[in-house]
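Residue-level structure breakdown
Each chain, letter by letter, is given below.
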Amino acid sequence: PAVEPAKAQRARIEPVAYRGKLRAYKDPAEAFTVGQWIKAQYAGDADARQWCADHGVEVRTMGESTNAAGGALVPDVMVANLIRLVDVYSVWASGMQQVPMGSDAVLFPKRVSGVTANWTGENAEISTSDPAVNQVQLIASKLTVGTKVSNEVLADSAISLGDFITEEFATAISGKLEAAAIAGDGTSTYGGIVGLKAKIGAGSVHTTGAGRDTWEELVAADFLGALGKLPRYALNGARWYISSVGFALAMQRLDMAAGGRMSVEGGTGLQFAGFPVEITDQTHSADTDFTGETIAYFGRPDLAGMFGLRSQFATRISTERYVEFDQTLFTGV
């Protein structure tokens, strides 16, 4: 008789005591899992290797070809938290239309204009029209990150190690994505990406009133003018995008002067003029004159841009590159 194949055991995570403050993980057990995997895979820790074997965390056999083969499979908890943190830190890029890419170059249709409706008399011929569509080409660019960690740190707390690597990688990746999504000019500085600032049309820009070129000088009409530029169909789901300095010195100042409550009303987070606010450091983020600069955006990223993903995050770790410094190299792609 046919025998049902044995089902793979799910990873068992026991409670992990930790008194420190985590940055990348909400659960110390997840940070501990990533730290144990790193120690087992690259620090040669026998106890960590046994722990990974007992808990269903894959660790490849160490050998001369391990690094050349491209490292090891990253634990699911690390990938999940990297993606979560990138979404948190890169508010504009993560909000764009997400497009999976099956190859390095992909074409997607873009609607330019729709069909035209006409009033038609009785027995009259119905006029027809065609929607205008062109194509957007997405070309994959490789985004990488790397850092060196002393081998003494590898031997220390697994929780701190997993938390540190994940936080640093996510912060670096999301910062580059955010910069490209907003300020990308198509050059290699931004991976060939063309961002919002270069593509937005003049008709979608609202200019502040004459002489109002600092946060403290802005009035409500400066922001409402931008709100009025957005088409009606795009208002549902629209958000403000502004730096923390601009939010505090302009939006919050105006709201407090009017006796409003924008910060925590209804538990919905930061708000202004009835719409959510996202904080980004890719707009003017200093308390200085901003003449000629874009200081805030209002709209929907999913209608403004596409974000193509060619492959998920992968990591490679080398114990030989900085052996003379007793350090281990961590890279991510």
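The notes below deal with the structure included here. All figures in this text were calculated on a predicted structure; none of them were measured in a lab.

**Side note on the overall build of the chain**
Within the chain one finds nine helices and 11 strands. Expressed as a percentage of the 333 residues in the chain, the buried residues total 33%. Put simply, 68% of the contacts in the chain that link residues at least 6 apart link residues at least 24 apart. A total accessible area of about 19800 Å² is found for the chain, and carbon and sulfur atoms account for 53% of it.

**Re the side chain of aspartate 163**
If you trace the backbone, aspartate 163 turns up in helix α5 (residues 158-183). Apart from residues no more than four positions distant in its own chain, aspartate 163 is found in contact with Lys21, Leu22, Arg23, Ala24, Tyr25 and Ala31.

**Quick word on the environment of phenylalanine 272**
Residue placement: phenylalanine 272 occurs in strand β6 (residues 271-272). Residue class for phenylalanine 272 comes out buried when judged on its relative accessible area of 7%. Distance from phenylalanine 272 to phenylalanine 223, taken between C-alpha atoms, is 9.5 Å for residues 49 residues apart in sequence.

**Quick look at a negative patch on the surface**
Side chains of Glu216, Glu217, Asp287, Asp289 and Glu293 sit close together on the surface and give a patch of like negative charge. Along the chain, aspartate 287 falls in the loop between β7 (275-279) and β8 (296-299). A relative accessible area of 46% places aspartate 287 in the partly exposed class.

**Some words on the packing of aromatic side chains**
Tallied over the entire structure, the rule returns nine aromatic pairs. Ring geometry for phenylalanine 223 against tryptophan 240: centres 5.8 Å apart, planes inclined by 85°, an arrangement best described as edge-to-face. Here phenylalanine 223 is found in helix α7 (residues 220-227), whereas its partner tryptophan 240 is found in strand β5 (residues 239-242), with 17 residues between them in sequence. The same class applies to phenylalanine 223 and to tryptophan 240, which are both buried. Arranged with centres 5.8 Å apart and planes meeting at 70°, the rings of tryptophan 240 and phenylalanine 272 form a pair that is edge-to-face. Of this pair, tryptophan 240 sits in strand β5 while phenylalanine 272 is found in strand β6, placing the two residues 32 residues apart along the sequence. Joined through ring pairs, the aromatic side chains of Phe223, Trp240, Phe272, Phe275 and Phe298 make up one cluster.

**Here we look at the environment of alanine 220**
One can find alanine 220 in helix α7. On the accessibility criterion, alanine 220 (35% relative accessible area) is partly exposed. Alanine 220 sits 53 residues away from alanine 273 along the chain, and the two C-alpha atoms are 9.1 Å apart.

**Some words on the sheet that holds β5**
Spatially, four strands are ordered β6-β7-β5-β8 in an open sheet, and the strand pairing comes out mixed. Across the chains shown, the open sheet's two edge strands, defined by having one partner strand only, are β6 and β8. Bridge count for β6 against β7 is two bridges, and the pairing is antiparallel. Within β7, the position partnered with glutamine 271 by the bridge is proline 276.

**Considerations on unusual backbone geometry**
For asparagine 123, which is not glycine, the phi torsion reads 65° and is therefore positive. Here asparagine 123 lies in the loop between β2 (105-113) and β3 (132-139). Overall, asparagine 123 belongs to the exposed group, its relative accessible area being 79%. Despite not being glycine, alanine 273 shows a phi value in the positive range, around 55°. Here alanine 273 is to be found in the loop between β6 and β7. According to the relative accessible area criterion, alanine 273 is partly exposed, its value standing at 39%.

**With respect to helix α2 (residues 46-54)**
The set of residues buried in α2 consists of Ala48, Trp51 and Cys52. For α2, the buried positions fall inside an angular range of 100° around the axis, keeping them on one side. Opposite the buried face of α2, at more than 90 degrees from it, the exposed residues are Ala46, Asp47 and Ala53. Downstream of α2 by a residue or two, glycine 56 has a phi angle that is positive, lying close to 75°.

**Quick look at the nonpolar core**
Judged by nonpolar contacts, the single largest core of 37 residues is most densely connected at Tyr25, Ile38, Trp92, Ile165, Phe169 and Phe330. Broken down by secondary-structure element, the contributors of at least two residues to this core are α1 (28-42), α2, α3 (76-89), β4 (145-150) and α5. The leading source of residues in this core is α5, at nine residues. Sequence-distant contacts of isoleucine 165, defined by excluding residues within four places in its chain, comprise Ile38, Met78, Thr147, Val149 and Phe330. Phe223, Ala234, Ala238 and Met251 belong to the second-largest nonpolar core, a separate cluster that totals 19 residues.

Conventions used here
Within each chain, residue numbers correspond to sequence positions counted from 1 in written order. Predicted model: local features are reported for residues with pLDDT of at least 70 only, side-chain atom pairs are reported and counted for 80 or more only, and whole-chain, interface and lining totals are derived from all residues. Side-chain numbers come from the whole structure's heavy atoms, not from hydrogens or water. Under the DSSP-based scheme used, a helix requires at least four consecutive residues in state H or I and a strand at least two consecutive residues in state E, with every element numbered from the N terminus. Exposure is judged per residue with a 1.4 Å probe applied to protein chains only, and the accessible area is read against the type maximum: over 50% gives exposed, under 20% gives buried, and values in between give partly exposed. Residues are treated as being in contact if the distance between any of their heavy atoms lies within 4.5 Å. The method behind every accessible area is Shrake-Rupley, applied with a 1.4 Å probe, and residues are considered shielded solely by the protein chains displayed. Each patch is built from residues lacking any salt bridge and having more than 30% relative accessible area; the joining distance is 9 Å for like charges and 5 Å for nonpolar side chains (Val, Leu, Ile, Met, Phe, Trp, Tyr). Salt bridges are defined as contacts in which a side-chain nitrogen from Lys or Arg sits within 4 Å of a carboxyl oxygen from Asp or Glu. When charges are tallied, Lys and Arg are placed among the positive residues and Asp and Glu among the negative ones, while His and the ends of the chain are skipped. A single reference atom marks each charge: NZ on Lys, CZ on Arg, CG on Asp, CD on Glu. Geometry of aromatic contacts follows a simple scheme: Phe, Tyr and Trp rings, the Trp one being its six-membered ring, pair when their centres are within 6.5 Å, and the pair is stacked under 30 degrees between planes, edge-to-face over 60, tilted otherwise. Any two strands are treated as partners once DSSP identifies two or more bridges connecting them. What the arc measures is the spread of directions leading from the helix axis to the C-beta atoms. Only buried residues count toward a nonpolar core. Its members are Ala, Val, Leu, Ile, Met, Phe, Trp, Tyr and Cys residues joined through side-chain atoms within 4.5 Å.

Without other data, these values stay purely geometric and don't point to any function.
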